[in-house]
Amino acid sequence: MTDIRTIANDRLFADLERLFAEGGDVQLPVKGYSMRPFLMSGRDSVHLVPVTPDRLRRGMVVLFRYRTGHVLHRIRRIEGQRITIVGDGNYRQREQVTTADILAFADSMERRGHTVRYGSCRWRLLSAYSLAWHLARRLYYDLKGKRARR
């Protein structure tokens, strides 16, 4: 039987930062809803590996430092050292970080016992679906807001 312990986020992410700095990797369960439908809380987990700034690409799902915490979202735009990141489930909010804030990227996810690797056909299809869902939600809320102002 597996021993399950609860660890405070600040301690967990401090340990993860050290692990990534040493070249280690980790499998983490997804918690939260900002990346749905691509990643679902309580169902999916991600395998995170360290990443260097020269390997960052638009569309990657990355773990990064943001304000006083850590967030797992998708890279929207790269402009030199400045990175724009957005959660697939967030139709408006965007984070602005630098390459130094990015700690790791998801090279695969685990869903219902199946591994989906970054860059695979299934990963690209799920990403495209998630992007379409994101755009549809944004359009819906934009139109809803315009009708309310009339």
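Placed above this text is the structure.
What you see is a predicted model; the values in this text were computed from it and never measured.

**Student:** Teacher, can you tell me more about helix α1 (residues 9-21) here?
**Tutor:** Structural remark: α-helix, 3.6 residues per turn; residues separated by three or four positions point the same way. For α1, spanning 13 residues, the distance from its first C-alpha to its last is 18 Å, which sits close to the expected 18 Å at 1.5 Å a residue. The set of residues buried in α1 consists of Phe 13, Leu 16 and Phe 20. Viewed along the axis of α1, the buried residues span an arc of 55°, placing them on a single side of the element. Exposed residues lying more than 90 degrees from the buried face of α1 are Asp 10, Arg 11 and Ala 21. Buried residues belonging to α1 abut β1 (26-29), β2 (44-50), β3 (61-66), β4 (69-79) and β7 (102-111). Looking one or two residues beyond α1, the residue adopting positive phi is Gly 23, at roughly 90°.

**Student:** How should I be thinking about the nonpolar core in this particular structure?
**Tutor:** Across soluble globular proteins, nonpolar side chains show a tendency to be buried alongside one another. Of all hydrophobic cores here, the largest spans 21 residues; its most connected members are Phe 20, Phe 38, Leu 39, Val 46, Leu 48, Val 61 and Met 109. Residues in contact with Phe 20, not counting those within four places in the same chain, are Asp 25, Val 26, Leu 48, Pro 50, Leu 63, Leu 103 and Ala 104. Core analysis: the next-biggest nonpolar cluster, separate from the first, contains 13 residues, Val 49, Leu 56, Val 62 and Ile 75 among them.

**Student:** Looking at this structure, how should I read the side chain of His 47?
**Tutor:** Of note, His 47 is situated in strand β2. A relative accessible area of 17% places His 47 in the buried class. A polar atom in the side chain of His 47 sits 2.6 Å from the side chain of Asp 107. Dropping the residues within four chain positions of it, His 47 is found in contact with Asp 25, Val 26, Gln 27, Phe 105, Ala 106, Asp 107 and Ser 108.

**Student:** Help me understand the pairing of β2, please; the structure alone is not making it clear to me.
**Tutor:** Two faces make up the sheet, and in a regular strand the side chains alternate between them. Most of β2 sits inside the fold, with six of its seven residues counted as buried. Where β2 meets β7, seven bridges bridge the pair, whose relative direction is antiparallel. Considered in β7, the bridge of Ser 45 is made with Glu 110.

**Student:** Looking at this structure, I do not really get the pairing of β3. What am I missing?
**Tutor:** In terms of residue burial, β3 counts as a mostly covered element, since five of its six residues are buried. Where β3 meets β7, three bridges bridge the pair, whose relative direction is antiparallel. Bridging from a neighbouring strand, Leu 63 pairs with Ala 104 of β7.

**Student:** When you look at unusual backbone geometry in this model, what are you seeing that I'm missing?
**Tutor:** With the exception of glycine, the majority of residues adopt a negative phi angle, and the majority of peptide bonds are in the trans configuration. Following Arg 36, the chain continues to Pro 37 via a peptide bond in cis, the omega torsion being 10°. By the secondary structure assignment, Pro 37 is in the loop between β1 and β2. The phi dihedral of Arg 112 is positive, around 50°, even though this residue is not glycine. Among the secondary structure elements, Arg 112 is positioned in the loop between β7 and β8 (114-117).

Calculation notes
- Residues numbered from 1 in each chain as written.
- Predicted model: local features only at pLDDT ≥ 70, side-chain atom pairs only at ≥ 80, totals over all residues.
- Heavy atoms only, no water.
- Helix = DSSP H or I, 4+ residues; strand = E, 2+ residues; numbered from the N terminus.
- Expected span 1.5 Å × (residues − 1).
- Buried < 20%, exposed > 50% of the residue type's maximum accessible area, 1.4 Å probe, protein only.
- Arc of directions from axis to C-beta.
- Contact = heavy atoms within 4.5 Å.
- Core = buried A, V, L, I, M, F, W, Y, C linked by side-chain atoms within 4.5 Å.
- Polar contact = N/O pair within 3.5 Å; in protein donor to acceptor, adjacent residues only side chain to side chain.
- Pairing = 2+ DSSP bridges.

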